[in-house]
Amino acid sequence: MKQQLEIVPSERVGPLVSVTDVYKYFPTGGGFGRGAAVKAVDGVTFDIAAGETLGLVGESGCGKSTLGRVIMQLQPATKGSVKFEGRELTKMRGNELRQVRQRMQIIFQDPYASLNPRMTVGDIVAEPLKNFGLGNKREREKRVQEVMKVCGLNPNFTNRYPHEFSGGQRQRIGIARALVLTPSLIVADEPISALDVSIQAQIVNLLEDLQNEFKLTYLFIAHDLSVVRHVSDRVAVMYLGKIVEVASSREVYDNPLHPYTKVLLSSIPYTDPELEAHRKPILLKGEIPSPINPPKGCRFHTRCPIAQFPICGEVEPPLEKKADGHVAACHFPGKL
Amino acid sequence: MTALSILNLVPEPGRISGGQILFKNRDVVSMTSSELHEYRGGDVAMIFQDPMTSLNPVLRVGFQIEEAMRAHSRFDKRQAKARVIPLLERVRIPSPKQRARDFPFQFSGGMRQRAMIAMGLANEPSLLIADEPTTALDVTVQAQILELLKELNRELGTAIILISHNVAVISSLCTRVMVMYAGRIVESGPTRQVFEHPEHPYTWSLLRSVPRVDERRHERLISIQGMPPDLSRLPTGCTFHPRCQFKVERCLREEPPLEEVAADQEARCWVLMRNVSKESQAART
């Protein structure tokens, strides 16, 4: 069965991805179900519109990568629904899920660990086509060269091995592999944080160009708020397994409503020494609580500079609309 | 590597092949090993990017800080013991008495870096070399460590060399900046001046290659083409010329000297960004 090999822009209305009340718990030791669970993702709901870039930010251990993997169904959700192109993924099994994967791909952080060192670059990029039995050998070769060229790689290098490439070029190979099947969604999990600064801009620019050319939708996962602001149309902020705020990129930065978002933003130094001299960082007290036993009420209340009691320690604030296209989970939004 | 040279700690088979390193008018390169022993960890302390690999995992944090003082002769045994808790307090470790008895794995990343800083400060050094001290940390923890370093600099008068690839971190902490490329200083000067009026194309591109959290409108990032050069096979002329978008013919043949380009500012470039018109700057973005 041959399928078309051309890149078809997705023309779809409504959200491309709908995540509804998704939980992902990892059991810890103990055995026989007695152990506590790490609540990596703890009830998360959001949409990704076709053609947009949604930035997902948060600090290490907040569950952002797990959430990306659950959306990709690389790990099953403990509970909740993930819809992609209108179809429920969590109920799919085997071949059905395999077919959907043609339309959603992931790029990983570490371009050294995510490419098989024993395969040539041509084989790595062609592997998804082979897996899905697309095209014959010659068509596949043509497609691989085409995609490599689009990703800024020399198409004559298909016979080389990953170790012959630099970090930035390897990340391009990872992107080419993701792109070869003409996906509509790409989950980019910290795609630039392992790269040299002088190379990061090349990859950011490439991702932007590819999005414009192929109408891609990105879920861009990163801890670096400056990069996220730069690439994203909308930004979602995560803390301890929950989304605390979602708004347009501009709105999140100009008018953050959740105190955690505000703290994160105030923590980033400005490149401009003039602005930097006037920045007043809000320093957080204490450490991030354990996701095994997150605080009651608002999870941020143990470190929040404006927490009020008893409400913040008892009642969990729902993620609600606070302004047009701006949701936040806080009892006192915008008060910090 | 420059920092390791300052400590005369260049790993074999490398060596300091020439030049002088003066610390308070004494040449570090020609120090005897006992002089070096006092100098390293005594006059100059260094903290690293990854505090987990620089702390001994099987020794209690308090003991390791004490050990740093016992290795030198500034404080006797009793003084060293008594200084541990105040040092931990100084770097804002909560409940320092209990924490001194913890092992490194019981500390979070930010606390380990604090413990490293406490250890570095133990002998009251006049210089602290911080090699990417916040790169492995989350932004909120980075903010705490940067504030701590600023405070130490202000209150104890400790000079700091901060080594970082993050221009915003440099902007936050440093009064002066030196930009290095392929083993050479290509630009130096007061941070504000260099960041506002970079003269070397490498500095100029670097500043525009990272997204700014304060960006008002979406501007395409400058990407520096190519890769950093192989240090054993440096290009002829200016070492940056293969990646430079503003090079002239002379850059391929002759290496430019580091020359004063403004008050306190030096750059190693034949062209200088001030001589590149706004239009051709914009054309390269």
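Small disclaimer: the values here were computed from a predicted structure and weren't measured.

### A word on the sheet that holds strand S4 (residues 79–84) of chain A
All names here are of chain A.
Next up, step 1: If you trace the 4 strands from one edge of the open sheet to the other, you get S2-S1-S4-S5, paired in antiparallel fashion. Either end of the sheet is taken by a strand with one partner, and the two such strands are strand S2 (37–49) and strand S5 (87–88).
Next up, step 2: With 5 bridges connecting them, strand S1 (residues 15–27) and S4 associate as antiparallel partners. Within S4, the residue paired with Tyr23 across the bridge is Lys79.

### Topic: the packing of helix H9 (residues 259–267) of chain A against helix H8 (residues 139–155) of chain B
Next up, step 1: Packing of H9(A) against H8(B) leaves a shortest axis separation of 8 Å and a crossing angle of 50 degrees. Accordingly, the angle class assigned to the pair H9(A) and H8(B) is oblique. Note that H9(A) runs across H8(B); the crossing there is left-handed. Together, A:Val263, A:Leu264 and A:Ser267 of H9(A) and B:Val139, B:Thr140 and B:Ala143 of H8(B) make up the contact between the two elements.
Next up, step 2: Of the residues belonging to the contact of H9(A) with H8(B), the class tally is 4 nonpolar, 2 polar and no charged.

### Brief notes about helix H5 (residues 167–179) of chain A
Three- or four-residue spacings in an α-helix give side chains the same orientation, since the helix completes a turn every 3.6 residues.
Residues and elements named next belong to chain A.
Next up, step 1: For H5, built from 13 residues, the straight-helix expectation of 18 Å at 1.5 Å per residue is met to within 8% by its first-to-last C-alpha distance of 18 Å.
Next up, step 2: Extensive coverage of H5 is indicated by the burial of 12 of its 13 residues.
Next up, step 3: Residues of H5 that are buried: Gly167, Gly168, Arg170, Gln171, Arg172, Ile173, Gly174, Ile175, Ala176, Arg177, Ala178 and Leu179.
Next up, step 4: Those residues of H5 hidden inside the fold are in contact with strand S6 (104–107), helix H3 (121–131), helix H4 (137–150), strand S7 (185–189) and helix H6 (197–214).

### As for the interface of chain B and chain A
Next up, step 1: Opposite the 43 residues of chain B that make contact, chain A presents 40 residues.
Next up, step 2: Overall, the association of chain B and chain A removes approximately 3,700 Å² of surface from exposure, summing both partners, and the carbon and sulfur fraction of that is 56%.
Next up, step 3: There are 2 salt bridges connecting chain B and chain A.
Next up, step 4: Here B:Arg192 ties to A:Glu274 by a salt bridge, and the two come within 3.3 Å at their closest N and O atoms.
Next up, step 5: Our enumeration of links across chain B and chain A arrives at 12 residue pairs in polar contact (both at pLDDT 80 or more).
Next up, step 6: Taken together, the elements giving at least two residues each to the side of chain B that touches chain A come down to H8, helix H9 (167–173), helix H10 (191–196) and helix H11 (201–209) of chain B.
Next up, step 7: By residue number, the principal contributor to the side of chain B that touches chain A is H8(B), which donates 9 residues.

### Notes on unusual backbone geometry
Residues and elements named next belong to chain A.
Next up, step 1: Cis geometry marks the peptide bond from Phe309 to Pro310; its omega dihedral reads 10 degrees.
Next up, step 2: Checked against the element boundaries, Pro310 lands in the loop between helix H10 (273–277) and helix H11 (311–314).
Next up, step 3: Backbone geometry at Gln73 places phi at a positive 60 degrees, although glycine is not the residue there.
Next up, step 4: Mapped onto the secondary structure, Gln73 falls in the loop between helix H1 (64–71) and S4.
Next up, step 5: A relative accessible area of 11% means that Gln73 is categorised as buried.
Next up, step 6: Phi is positive for Lys215, close to 50 degrees, though the residue is something other than glycine.
Next up, step 7: With respect to the secondary-structure elements, Lys215 resides in the loop between H6 and strand S8 (217–222).
Next up, step 8: Owing to a relative accessible area of 46%, Lys215 belongs among the partly exposed residues under this scheme.

### Quick notes on the packing of aromatic side chains
Next up, step 1: With the rule as written, the count across this model stands at 11 aromatic pairs over all chains.
Next up, step 2: Relative to A:Phe300, the ring of A:Tyr239 has its centre 5.0 Å away and its plane inclined at 80 degrees; by these criteria the two rings are edge-to-face. With A:Tyr239 in strand S9 (residues 234–239) and A:Phe300 in the loop between H10 and H11, the pair connects residues that are 61 residues apart, well separated along the chain. Of the two residues examined, A:Tyr239 and A:Phe300, each falls in the buried class.
Next up, step 3: Aromatic side chains B:Phe23 and B:Tyr39 sit 5.2 Å apart centroid to centroid with 70 degrees between the ring planes, which places their arrangement in the edge-to-face category. Here B:Phe23 is found in strand S1 (residues 22–23), whereas its partner B:Tyr39 is found in helix H2 (residues 33–39), with 16 residues between them in sequence.

### Examining the sheet that holds strand S7 (residues 184–190) of chain B
Residues and elements named next belong to chain B.
Next up, step 1: Read from one edge of the open sheet, 4 strands run S6-S7-S9-S8, paired in antiparallel fashion. The two strands at the open ends of the sheet, each matched to only one other strand, are strand S6 (176–181) and strand S8 (259–262). When strand polarity is set aside, the average angle formed by the axes of neighbouring strands in this sheet is 30 degrees.
Next up, step 2: Sheet strands touched by H11: S6 and S7. Its angle to S6, the strand with the most contacts, is close to 105 degrees.

Criteria and thresholds
- Residues numbered from 1 in each chain as written.
- Chains lettered and ligands numbered in written order.
- Predicted model: local features only at pLDDT ≥ 70, side-chain atom pairs only at ≥ 80, totals over all residues.
- Heavy atoms only, no water.
- Pairing = 2+ DSSP bridges.
- Helix = DSSP H or I, 4+ residues; strand = E, 2+ residues; numbered from the N terminus.
- Axes fitted to C-alpha atoms, helices over the stretch in contact; angles between N-to-C directions.
- Parallel < 35°, antiparallel > 145°, perpendicular 65-115°, else oblique.
- Left-handed = near helix turned anticlockwise from the far one by under 90°.
- Contact = heavy atoms within 4.5 Å.
- Nonpolar A, V, L, I, M, F, W, Y, C, P; charged D, E, K, R; others polar.
- Expected span 1.5 Å × (residues − 1).
- Buried < 20%, exposed > 50% of the residue type's maximum accessible area, 1.4 Å probe, protein only.
- Buried area = accessible area lost by both parts, 1.4 Å probe.
- Salt bridge = Lys/Arg side-chain N within 4 Å of Asp/Glu carboxyl O.
- Polar contact = N/O pair within 3.5 Å; in protein donor to acceptor, adjacent residues only side chain to side chain.
- Phe/Tyr/Trp six-rings, centres within 6.5 Å; stacked < 30°, edge-to-face > 60°.

Read these as geometric descriptors, not functional statements.
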